[in-house]
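Geometric and topological summary
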Amino acid sequence: MDAVSDNLIEIHDLDYSFGARKIFNGLNLTIKRGQVTAIMGPSGTGKTTLLRLITRQIVPDHGVILVDGVDIATLNQTGLYELRKRFGVLFQNGALLTDLSVFENVAFPLREHTRLTNRLIRHVVLTKLHAVGLRGAADMMPQQLSGGMARRVALARAMVMDPDILIYDEPFVGLDPISMGVIVRLVRKMNDALGISSILVSHDVQEISTVADCSYLISKGKVAASGSPDELNRASSELVRQFMHGMADGPVAFHYDAPDYAEQLLGRDAE
Amino acid sequence: MLRDLYYTAFEFVRTFGALQLFFLRLLIYTPAVLSRRFGLVIGQVHNAGALSLVIIVICGFFVGAVLGLQGFSNLSRFNAEDSVGAVAALALVKELGPVITALLFAGRAGTALSSEIGLMKATDQLSAMEMMAVNPIRRVVVPRFLGGVVAMPLLAAVFSMVGLLGAHLVCVSLLGVDVGSFWQQMQQSVEIADINEGIVKSVVFGIAASLLAVWEGYNAIPTAEGVGRATTRTVVLTAIVVLIFDFMITAVAI
């Protein structure tokens, strides 16, 4: 495989603003085929926004996003939907369709895009549900599931079309240690067994280290550091060390911009 | 001040234009939805129509009963109480049936549509569909819109029918109006044009009420407060639009 086709997603010089707030400012990033790539960063750096940009739910102010060498800004709706069929996306809160049962939620993409028989759909859906340990919950409604279970159903739904690219938005939040371990292994196993590529957005440094091939740390609208988890752990940059080791003091301020503490409590404004 | 006025006017024109484009999109998708997702449309006719029947039947009955009482007491001053059937029928078929049904429809089905679509948006369900390459307007909005458009005229017809039964019960069974004259006067004075006017109104109101409900839901700010506001706006806007259209259609028909 030559060097060009090795890059699945390339982002060049990306700018994006939300209102007056500049979220990305000249972001450059490459996601390699067949790898698990993690995108990390402090809260509010726009990690989820980046996923929305890659899938063109929103459009950048400036810059190019190439998926398999195709500039996604040039696609019409049909082309975009064809592209999206190659993506499986796991949303932060699961985003299950509340009027459908667990089974129908997982079957939804198959019913929409394929002409498989009911019997075959049942097989595929039960297989995927089994992989996330929820075959027994097939007849339940999303409202009856716990947050972690809903996420696992959403994962089953994300992989039901056998996508080329699986995107996980904060997959580890709110999972108990057992489910977390299973999901982490599942992410890795699916990536390798099915030959797909995975993009993980998370700030769970520990889990990322065990599963990711390559990580990007985003801060202030740019890639602050990149490399394997080991490389990041050993990095000398203060920002990377602060993030990887979870320290309160460092270049990333824990406090949002505010007037002087003592002044605000005791000063003239206090009355 | 002048600037505020300018922005308000600008915003109004912009929203109105966007609403028309939205309506156009719904119409363009309608044939495909009818042929490929007919089951979804039927389900929504059930949601918007069958589930609104209780409120329509109860309200229709009492509106008809009040019409009977009022008609009887006013007409008896002129010794014309036999015409009460005709008066009640004309009022119900041409005016009260479509208008009150539309207002009740907005309160019962319209709010349900807005809040359902708004909440689907707030919980990322619409984005999730987009990401699964399923157009949420086709899958979610158009079936609900069509369900409302089909259900509303049917509900208006039920309302008028139950209203007439209410008027009949009050006038004939309680107040002693002759049953023959009650129905005969009605048959003589209600013409097919009157019924057509009622049908046109209920269809137009059905389109307006369903369109506003799905529009407000689809454009709701995806928060609890935003969905709440969208639901309120659905009822308020539908009431205003229905009454304005009612005036316009009546003016044309007369």
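Everything here concerns the structure above.
All of the points below concern the structure found in this document. Given the structure is predicted, the values throughout are model-derived calculations rather than measurements. (Residues numbered from 1 in each chain as written. Chains lettered and ligands numbered in written order. Predicted model: local features only at pLDDT ≥ 70, side-chain atom pairs only at ≥ 80, totals over all residues. Heavy atoms only, no water.)

**Brief notes about the overall build of chain B**
Helix and strand content of chain B: 9 helices and 0 strands. Ordered by position from the N terminus, the helices and strands of chain B form the series α-α-α-α-α-α-α-α-α. Taken over the C-alpha atoms alone, chain B extends approximately 70 × 50 × 30 Å along its principal axes. Residue burial in chain B is summarised as follows: out of 254 residues, 46% are buried. Counted over contacts in chain B with a minimum sequence separation of 6, partners at least 24 positions apart contribute 84%. Carbon and sulfur atoms make up 71% of the accessible area of chain B, which totals about 12,300 Å². Computed over 15 positive and 15 negative side-chain charges, the separation of the two mean positions in chain B equals 14 Å. (Helix = DSSP H or I, 4+ residues; strand = E, 2+ residues; numbered from the N terminus. Buried < 20%, exposed > 50% of the residue type's maximum accessible area, 1.4 Å probe, protein only. Contact = heavy atoms within 4.5 Å. Areas by Shrake-Rupley, 256 points an atom, 1.4 Å probe, with all protein chains shown as cover. Lys, Arg positive; Asp, Glu negative; His and termini not counted. Charge placed at Lys NZ, Arg CZ, Asp CG, Glu CD.)

**Structural notes on the nonpolar core**
Membership of the largest hydrophobic core comes to 63 residues, with the highest contact counts inside it found for A:I9, A:I11, A:F24, A:L50, A:F87 and B:L26. The element contributing the most residues to this core is helix α6 (residues 136–174) of chain B, with 7 residues. If we ignore the near neighbours within four places in the chain, the residues touching A:I11 are A:L27, A:N28, A:L29, A:L50, A:I54, A:V64 and A:I65. With 49 residues, the next largest nonpolar core counts A:V125, A:L129, A:L134 and A:V160 among its residues. (Core = buried A, V, L, I, M, F, W, Y, C linked by side-chain atoms within 4.5 Å.)

**Digging into the interface of chain B and chain A**
Listed by partner, the interface residues are 17 residues for chain B and 22 residues for chain A. Carbon and sulfur atoms make up 56% of the surface buried where chain B meets chain A, a total of about 1,700 Å² over both sides. Here chain B and chain A share 3 salt bridges between them. One salt bridge in this structure joins A:R84 and B:E130, with 2.5 Å as the shortest N-O distance. On the surface where chain B and chain A come into contact, there are 6 residue pairs in polar contact (both at pLDDT 80 or more). Elements that contribute at least two residues to the side of chain B that touches chain A include exactly α5 (125–131) and α6 of chain B. No other element matches α5(B), which puts 6 residues into the side of chain B that touches chain A. Of the residues in the side of chain B that touches chain A, the class split is 8 nonpolar, 4 polar and 5 charged. (Buried area = accessible area lost by both parts, 1.4 Å probe. Salt bridge = Lys/Arg side-chain N within 4 Å of Asp/Glu carboxyl O. Polar contact = N/O pair within 3.5 Å; in protein donor to acceptor, adjacent residues only side chain to side chain. Nonpolar A, V, L, I, M, F, W, Y, C, P; charged D, E, K, R; others polar.)

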